[in-house]
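For reference, the chains in residue letters:
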Amino acid sequence: MAVFTRFLSIELPDSLTCDESGRNPAFEIAFSADGEIPFPQVILHGQSGRHIIKDNDIFVSDRSDKEVSYVAVVDSGVVRAGEVRVQVEGCKKEDFRNSGGGDWVKEFRTLKLAGQPRPARAVSAAGGGEPVKVYYGIHKHMHQPYYNATDLEYWDGEKDGIFGSRGGNYTDFVPMAVRQYIEGGLPHGGLSTTWSGSLIEQLNRCAERGWCGGRFNGWNNALREVAGEKTALGNPRIEFSAFGFYHPLMPLIPHRDIVRQIEWHRDVIREAFGVEASRVMFPPETAFHVRMIPALVEAGVDVVMYDSIHRYRTCKDYPYAGKNEGMLPPNPADQVNPPVDDWFQMNNIWAASKIAPSLMKPEYIEYVNPDGKSYKIIGVPAERYLGNEDARGGFGALQYPDVLGQVYDQIVATGTFDPKHPPFFVLHSDGDNHGGGADSYYGSNTGAMVRWLHEDPRFELTTVSDYLQRFPPDPSKTVHVEPGSWAGADNGDPQFMKWFSRYDQPYSPDLNSWAVLTAMQNLVHALEDARPNTEGLHEAWRLMLTAQTSCYWYWTGQHVWDQQVTNAANLGYQRLKSAVDGLLSAGKDATGPTIFAPWVIPENPGGKKWGNNCLLDAPREGRVYTFIYDIAGLERVNIVIRGPNGETTMRMTDHGPYPSETGAAITSSMFTADLPVGAGDLRYYIEAEDRAGNVSRSALERVFMA
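Residues numbered from 1 in each chain as written. Predicted model: local features only at pLDDT ≥ 70, side-chain atom pairs only at ≥ 80, totals over all residues. Heavy atoms only, no water.

Caption draft 1: The sheet that holds strand 1 (residues 7-11), seen in detail. Strand order in the open sheet made by the four strands is 1-3-7-6, with antiparallel pairing throughout. The outermost strands of the open sheet, each flanked by one partner alone, are strand 1 and strand 6 (58-63). On average, each strand axis in the sheet is tilted by 20° relative to the strand beside it, whichever way the strands run. Strand direction decides the pairing type here: strand 3 (residues 27-33) and strand 7 (residues 68-74), joined by seven bridges, are antiparallel. Each bridged residue has a counterpart across the sheet, and for Ser32 the counterpart in strand 7 is Ser69. (Pairing = 2+ DSSP bridges. Helix = DSSP H or I, 4+ residues; strand = E, 2+ residues; numbered from the N terminus. Axes fitted to C-alpha atoms, helices over the stretch in contact; angles between N-to-C directions.)

Caption draft 2: Examining the pairing of strand 28 (residues 669-674) more closely. Here strand 28 lies mainly inside the structure; five of its six residues are buried. Strand direction decides the pairing type here: strand 24 (residues 623-629) and strand 28, joined by six bridges, are antiparallel. Bridging across to strand 28, Thr626 finds its partner in Phe671. Bridge count between strand 27 (residues 653-657) and strand 28: three bridges; the pairing is antiparallel. Its bridge partner lying in strand 28, Asp654 is registered against Phe671. (Buried < 20%, exposed > 50% of the residue type's maximum accessible area, 1.4 Å probe, protein only.)

Caption draft 3: Examining the side chain of Ser501 more closely. Its location among the elements puts Ser501 in the loop between strand 19 (478-479) and helix 13 (509-530). On the basis of relative accessible area, Ser501 is assigned to the buried category, the value being 19%. Look past the residues within four positions of Ser501 in its chain and what remains in contact with it is Ser508, Asp510 and Thr556. (Contact = heavy atoms within 4.5 Å.)

Caption draft 4: Representation of the packing of helix 5 (residues 255-273) against helix 13 in the model. Between helix 5 and helix 13, the shortest axis-to-axis distance is 11 Å and the interhelical angle comes to 80°. The angle between helix 5 and helix 13 falls in the class roughly perpendicular. Together, Arg256, Asp257 and Arg260 of helix 5 and Gln521, His525, Glu528 and Asp529 of helix 13 make up the contact between the two elements. (Parallel < 35°, antiparallel > 145°, perpendicular 65-115°, else oblique.)

Caption draft 5: Just the packing of aromatic side chains, in detail. For the structure on display, the rule yields 45 aromatic pairs. On the basis of an interplanar angle of 20° and a centroid distance of 4.0 Å, the ring pair of Trp514 and Trp553 is categorised as stacked. Of the two residues, Trp514 sits in helix 13 while Trp553 sits in helix 15 (residues 551-554), which places them 39 residues apart along the sequence. Across the pair, Trp553 and Trp514 agree in class, each one buried. Pairwise contacts between aromatic rings join Trp155, Phe163, Tyr170, Trp195, Trp211, Phe216, Trp219, Phe240 and Phe273 into one cluster. The ring centre of Trp541 lies 4.0 Å from the NZ or CZ of Arg260, which sits over that ring. The aromatic ring of Tyr408 is capped on one face by Arg458, whose charged end is 5.3 Å from the ring centroid. (Phe/Tyr/Trp six-rings, centres within 6.5 Å; stacked < 30°, edge-to-face > 60°. Lys NZ or Arg CZ within 6 Å of the ring centre and 35° of its normal.)

Caption draft 6: Local environment of the nonpolar core. Core analysis: the largest hydrophobic core is formed by 130 residues, its most contacted members being Tyr136, Phe163, Trp195 and Tyr400. Ranked by residues supplied to this core, first place goes to helix 13 with eleven residues. Apart from residues no more than four positions distant in its own chain, Phe163 is found in contact with Gln144, Tyr147, Trp155, Tyr170, Leu199, Gln202, Leu203, Cys206, Cys212 and Phe216. The next biggest cluster of nonpolar side chains, apart from the first, holds 27 residues, and it includes Val78, Val79, Val105 and Leu111. (Core = buried A, V, L, I, M, F, W, Y, C linked by side-chain atoms within 4.5 Å.)

Caption draft 7: Examining empty space enclosed by the protein more closely. Considering all chains together, one arrives at two cavities of 30 Å³ or more under this definition. The calculated volume of the largest cavity comes to roughly 60 Å³. Contributing to the lining of the largest cavity are Ile138, Ala177, Tyr181, Leu191, Gly394, Phe395, Tyr400, Tyr441, Asn445, Thr446 and Met449. When residues of the lining of the largest cavity are traced back to their parent elements, those giving at least two are helix 2 (173-183) and helix 11 (444-455). By residue number, the principal contributor to the lining of the largest cavity is helix 11, which donates three residues. When the residues that make up the lining of the largest cavity are grouped by side-chain class, the tally is eight nonpolar, three polar and no charged. Taken as a whole, the second largest cavity holds about 40 Å³ of empty space. Lining of the second largest cavity is provided by Arg313, Leu328, Pro329, Pro330, Asn331, Asp334, Glu482, Pro494, Gln495 and Asn604. Of the residues that constitute the lining of the second largest cavity, the class distribution is four nonpolar, three polar and three charged. (1 Å grid on protein atoms, 1.4 Å probe; cavity = no way out; pocket = protein on both sides within 12 Å on 5 of 7 lines; lining within 4 Å. Points joined across faces, edges and corners; volume = space filled by probe spheres on them. Nonpolar A, V, L, I, M, F, W, Y, C, P; charged D, E, K, R; others polar.)

Caption draft 8: Region of the structure containing unusual backbone geometry. Residue Pro602 is reached from Ile601 by a cis peptide bond, and omega for that bond is -5°. Of note, Pro602 is situated in the loop between strand 21 (599-601) and strand 22 (608-610). Although it is not a glycine, Glu285 adopts a positive phi angle of roughly 65°. One non-glycine residue, Asp490, lies in positive phi territory at about 50°. Among the structural elements, Asp490 can be located in the loop between strand 19 and helix 13.

Caption draft 9: Geometry of the pattern of salt bridges. Summed over the entire model, instances satisfying the criterion amount to 38 salt bridges. Arg6 is the salt-bridge partner of Asp34, the closest N and O atoms lying 3.9 Å from each other. Linking Asp34 in the loop between strand 3 and strand 4 (39-46) with Arg6 in the segment before strand 1, this pair joins segments that are 28 residues apart in sequence. On the basis of relative accessibility, which here comes to 48%, the residue Arg6 falls in the partly exposed class. With a shortest N-O distance of 3.0 Å, Glu460 and Arg470 are connected by a salt bridge. Taken as a pair, Glu460 in strand 18 (residues 459-461) and Arg470 in helix 12 (residues 464-470) lie far apart in primary sequence, ten residues in all. (Salt bridge = Lys/Arg side-chain N within 4 Å of Asp/Glu carboxyl O.)

Purely geometric stuff here, so don't read any function into it on its own.
Next up, the structure:
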């Protein structure tokens, strides 16, 4: 009989009910073909991954001159409840290993696996008799950088593929999830989402020019429609979070640039979605430092999300997990918050260190500047390990009942439930990459989560705004949060070393980019202060803010990324050089030097440092590094150190311009200062004066000298 060319029929149940384990019962899939199938197989794509049926599990049930019928036996327990994509295929070659794409015939069907109704979960009571409940939120992050910082029109086949493969993510996936919250009757259900300005502008160009095969024509229609939906408290079901237009690493850029990035982003959100951006911020890379707070407050941000581990590590009794935590031990200068006693290790999830549920709640975070002025903002923890696991695919990939149940049980066991400030954390992930960006995350997995929430009153999905309206934190109580970012950035250490790659080598592409950017910032700021109507200044601002895209540091060692900042700075300098020369010749420079955020090497003087996959004793000697630039030249640079014995001012050492290998037209000088050995808990800031008499000061930093 001839080898088959097509399937004639495929028969399987439309739906099945799972057994008590939440997995499929045994069933059969019958299919027929117009000839012999040398290598038949069936693949089930479900919530638990992929399951292949072949060999002895597929047999011939009937044969005639024109048709061969097969039966595939599916054992019980191989896929979980949810939507299962059934792939029936056959290879027309006996030796399938030598086959090509044209040798395979494939067809697809869908099977719905319904879970059994579960008995209602028991809700525990706190000491005062209040029911214990855990609240959580969801955040989805969308971003694409400009792949050429100096040519925003740059486009090619690769970009067409990158954007085209994310068609649903950038159009209707988020609305699909939010609609299920509404239809599922979740009164406070919603999510927050970030859309960078660079992504929105490129999607607009796709729509205008028909790129990606016209996939993005009207790309924001569904998003604009769902943007008007409200929770039971009248807050948006979908919160377009405050953000930085070009995805900057905010802890490492100047105050005024943070404000400008947020303001420009608010404008593009209003234009794209017809609503105002939220006053809740999700910072790029989840990167947060308390020195950002004054700028965030000025930009109208009331709430900021941060990676939860950087709150855990500030407790005086934090149970450091060693090198497997992926970060050095906390610097004692950051460990200023009271101890807690509810630490525990989560199971059935990747969690490199213990967590404390009592800390999983919004709190006011405080920063004090060199003059003693206090600034506060509400901080919302984005839970590191739970968010990382949710990024694999949402409900089903993260076993919410089991893993979140462990958090719930620990709260009950330790008696730490506070009904006025119940636990709340955000599950955060990229909304367009890997499992967290799959259609199943927003579709079937979200539907399963909504059904689970109806069955399990221990948990509630809520927006950040709804939670804060119901359970506002106490403004009279403030905490400190350690600097750092999300786990995907080399574990998000407090020194942001993902963006300081190769700092210990003779040349670092990352340090070069910061030195160049610092010089460009001073150039642009000086002209804005003295001559804001300078021709080309707006273009230079755009080049500078584009150059702050964190992606340009993320992929260190790739020339196309390492060169981006210099290219933008060189073009900006070319546009503004004559204006700067005129400003200086007229003696009108009124802007102080630009001081890059300082860093300390070793990170924990007298503590621990990294060895070869191990921890070693760090030298007690610590050195502060920074970049400084001023168009008028520098007169003096001092470091002011405050310790147990009072305040000391020292001159910093000028090492000259950083040796650029990217052809930079302007760059900054590196300055260093040695910190006093064994001085204990220190605060310090840098003060610089230019030759025109203008003075600048950095933020107030902290470090412990053992």
